[in-house]
Amino acid sequence: MAGIDLGKGLQSLVKGAADAVNGAVDTVKNVTKDIKLPEVKLPEIKAEQITAIFTKKSAEEAQASTEPATITGISVKNALKIIYYMMAVDGEVFHSEEEKFDSIGQELDPNYASNKAELVEECRKQMEKAVDPEDYYDVLEDGVEDAIRATVKPVDAAIKPKLLVWDLLAVAYSDGAYNDAERKLLKYVIRKLDIDKAIFLELESSLLTLLDLERELNWIKSTDRLYLTIEATVNELESRKRVVFDSVMDLINL
């Protein structure tokens, strides 16, 4: 039997496959050469339209970046600065105001005793920027704005805006005279912190009620009435004070 030449057989298969492929390609060319593709007309886009798209996007991004974020907390240091400006807004820091300031500072800052001198010095440097008495209030307002806008770091202890307003009211009334400059600065703080007017008025009314109850307590304790009568009245007044104070804390924590 004659032997089979495998080498020539493989070459013939390869050549046959190649010829088949080339033939298929030529067939496709012949079929498609006479086919006309439909013309696709792209919409005309003018350069100003592209510019307008990106300009609009840039404007929207800029607006988003400039929208003020809701203030949920103020660092204790900056809150104390605002309180100090409140004390100084009428041009003089009274002893009763400073006592109240120290009381608030000790309550808010465990290291208040060691931090007070630096804090007060920073406030006074801001106050010294006033060129004359006419722009003194504006300089304090600038100091308040800087304190409100200061970034609160995660490590900073912070207080709620409504608690700050309550403390400002307490300081404003501590000398027994809530003057126009104090109220003006307080209203500025309320606007900057975006606190509802109704909430402010309720806080103010509650503080006035507490002050009235405190005066009544001091008066009843100074009388020469019978001890049992005085004790019953004192207990009642203290109970009313607690109710008012608790309602204030509920309002602040809302």
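Just above sits the structure.
Thresholds, definitions, all that
- Residues numbered from 1 in each chain as written.
- Predicted model: local features only at pLDDT ≥ 70, side-chain atom pairs only at ≥ 80, totals over all residues.
- Heavy atoms only, no water.
- Helix = DSSP H or I, 4+ residues; strand = E, 2+ residues; numbered from the N terminus.
- Contact = heavy atoms within 4.5 Å.
- Salt bridge = Lys/Arg side-chain N within 4 Å of Asp/Glu carboxyl O.
- Buried < 20%, exposed > 50% of the residue type's maximum accessible area, 1.4 Å probe, protein only.
- 1 Å grid on protein atoms, 1.4 Å probe; cavity = no way out; pocket = protein on both sides within 12 Å on 5 of 7 lines; lining within 4 Å.
- Points joined across faces, edges and corners; volume = space filled by probe spheres on them.
- Nonpolar A, V, L, I, M, F, W, Y, C, P; charged D, E, K, R; others polar.

Student: Can you help me understand the overall build of the chain in this one?
Tutor: The secondary structure content of the chain amounts to 10 helices and 2 strands. A sequence separation of at least 24 residues applies to 76% of the contacts in the chain between residues at least 6 apart.

Student: Please explain the pattern of salt bridges as it appears in this structure.
Tutor: Opposite charge on two side chains makes pairing possible when the charged atoms of those side chains draw close. In this structure the tally under the stated criterion is 9 salt bridges. For Lys-116, the salt bridge is made with Asp-102, and the minimal N-O distance between the two is 2.9 Å. Taken as a pair, Lys-116 in helix H5 (residues 112-127) and Asp-102 in helix H4 (residues 95-108) lie far apart in primary sequence, 14 residues in all. Residue Lys-116 is classed as partly exposed on the basis of its relative accessible area of 22%. As a salt-bridge pair, Glu-145 and Lys-192 come within 3.7 Å of each other at their nearest N and O atoms. Of this pair, Glu-145 sits in helix H6 (residues 136-149) while Lys-192 sits in helix H8 (residues 180-192), and the two are 47 residues apart along the sequence. Each of Lys-77, Lys-81 and Glu-122 takes part in salt bridges that share partners, so that together they form one network.

Student: Explanation requested: the layout of surface pockets in the structure shown.
Tutor: A probe matching the size of a water molecule, rolled over the atoms, marks out where space remains unfilled. For the largest pocket, the calculated volume is near 610 Å³. Residue lining of the largest pocket: 22 residues in total, with Lys-100, Trp-166, Ala-170, Leu-207 and Phe-245 positioned closest to the centre. Put simply, the parts of the chain that give the lining of the largest pocket at least two residues each are H4, helix H7 (161-173), helix H9 (197-222) and helix H10 (227-252). With 6 residues, the single largest contributor to the lining of the largest pocket is H9. Taken together, the residues that form the lining of the largest pocket break down as 11 nonpolar, 3 polar and 8 charged.

Student: Whenever I open this one, unusual backbone geometry confuses me. Can you help?
Tutor: A negative phi angle characterises most non-glycine residues, just as the trans form characterises most peptide bonds. Of note, Asp-194 is a non-glycine position whose phi angle comes to about 55°, a positive value. Relative to the elements of secondary structure, Asp-194 occurs in the loop between H8 and H9. Exposure remark for Asp-194: the relative accessible area of 68% places this residue in the exposed category.

Bear in mind that shape data such as this cannot, by itself, settle questions of function.
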